[in-house]
Structures are given as structure tokens and as C-alpha cells.
Amino acid sequence: MLAIVAAVVFALALLFDLADISSDAINNSTLTVLGLLLIALHLAGVGGGANWRPRRRGRR
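*Asks:* Would you mind going over helix 1 (residues 2–19) with me for this structure?
*Replies:* Residues lying three or four places apart along an α-helix face the same way, a consequence of the helix completing one turn every 3.6 residues. End to end, helix 1 covers 26 Å across 18 residues, agreeing with the expected 26 Å (1.5 Å per residue, within 8%). Those residues of helix 1 not exposed but buried are Leu2, Ala6, Val9 and Ala13. Relative to the axis of helix 1, the buried residues are bounded by an arc of 60° and lie together on one face. What points out from helix 1, more than 90 degrees from its buried face, is the exposed set Ile4, Leu15 and Leu18.

What follows is the structure, given as C-alpha cells:
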């Protein structure tokens, strides 16, 4: 899920760069760093979901 959000952030950074849109708080480098952070969290395993089903020891 975080990889999809990172892809959206990178797309926004590209659109802002192509349209020369920038603000004091949000600019292309801010969006790029945010996208890299989301990719790093995705690769670290954060946001992958959890498997809450109980384990079976064996079939009977």
C-alpha cells in the first residue's frame, strides 16, 4: 500500500515540476523526500498487513 502512495507522490512531484508549481511548504524536493520515505517504509515491511489467523500444528 505504501508503494502505491509513493507512486502517487512521485507523480504529483512530476506534475508540479512540469507545471512549475511550487509553494513555500510543498515543493518538488519535499515530495521527492516523502516518496523516498514511503518506499523505504514499504521495503522495511511497514504497512504490509498482518496475518491474524491462528496457526494449525498439523492435520488430523
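So much for the structure itself; the text now carries on.
*Asks:* Just to check I follow, could you spell out unusual backbone geometry for this structure?
*Replies:* One can expect most non-glycine residues to show negative phi and most peptide bonds to be in trans. The backbone phi angle of aspartate 20 is positive, close to 55°, even though this residue is not glycine. Within the secondary structure layout, aspartate 20 lies in the loop between helix 1 and helix 2 (28–44).

*Asks:* In this structure, what is going on with helix 2? I would like to understand it.
*Replies:* The terminal C-alpha atoms of helix 2 lie 24 Å apart, and with 17 residues this matches the ideal 24 Å at 1.5 Å per residue to within 8%. All of the buried residues in helix 2 are Leu31, Gly35 and Leu38. Around the axis of helix 2, the buried residues are gathered within 60° of arc, so they sit on the same side. Counted as exposed and oriented over 90 degrees from the buried face of helix 2: Val33, Leu36, Leu43 and Ala44. Count one or two residues on from helix 2 and you reach glycine 45, which has phi positive near 100°.

*Asks:* I'm lost on the packing of helix 1 against helix 2 in this one. Help?
*Replies:* Packed helices, taken two at a time, are described by their axes: the angle between them and the distance between them. Orientation of helix 1 relative to helix 2, taken along the N-to-C sense of each, is 165°, at an axis distance of 8 Å. Compared by their axis directions, helix 1 and helix 2 come out roughly antiparallel. Every pair of crossing elements has a handedness; the one defined by helix 1 and helix 2 is left-handed. Contact residues: helix 1 offers Leu2, Ala3, Val5, Ala6, Val9, Phe10, Leu12, Ala13, Phe16 and Asp17, while helix 2 offers Asn28, Leu31, Thr32, Leu34, Gly35, Leu36, Leu38, Ile39, Leu41 and His42. Of the residues assigned to the contact of helix 1 with helix 2, the class counts are 15 nonpolar, four polar and one charged.

*Asks:* I tried to follow a nonpolar patch on the surface on my own but got confused; where do I start?
*Replies:* Residues Met1, Ile4, Val5, Val8, Leu12 and Leu15 make up a contiguous nonpolar surface patch of roughly 580 Å² in combined accessible area. Position of valine 5 among the secondary structure elements: in helix 1.

Conventions we followed
- Residues numbered from 1 in each chain as written.
- Predicted model: local features only at pLDDT ≥ 70, side-chain atom pairs only at ≥ 80, totals over all residues.
- Heavy atoms only, no water.
- Helix = DSSP H or I, 4+ residues; strand = E, 2+ residues; numbered from the N terminus.
- Expected span 1.5 Å × (residues − 1).
- Buried < 20%, exposed > 50% of the residue type's maximum accessible area, 1.4 Å probe, protein only.
- Arc of directions from axis to C-beta.
- Axes fitted to C-alpha atoms, helices over the stretch in contact; angles between N-to-C directions.
- Parallel < 35°, antiparallel > 145°, perpendicular 65-115°, else oblique.
- Left-handed = near helix turned anticlockwise from the far one by under 90°.
- Contact = heavy atoms within 4.5 Å.
- Nonpolar A, V, L, I, M, F, W, Y, C, P; charged D, E, K, R; others polar.
- Patch = residues over 30% accessible without salt bridge, like charges linked within 9 Å, V, L, I, M, F, W, Y side chains within 5 Å.
- Areas by Shrake-Rupley, 256 points an atom, 1.4 Å probe, with all protein chains shown as cover.
- Salt bridge = Lys/Arg side-chain N within 4 Å of Asp/Glu carboxyl O.

The analysis is restricted to geometry; functional conclusions fall outside its scope.
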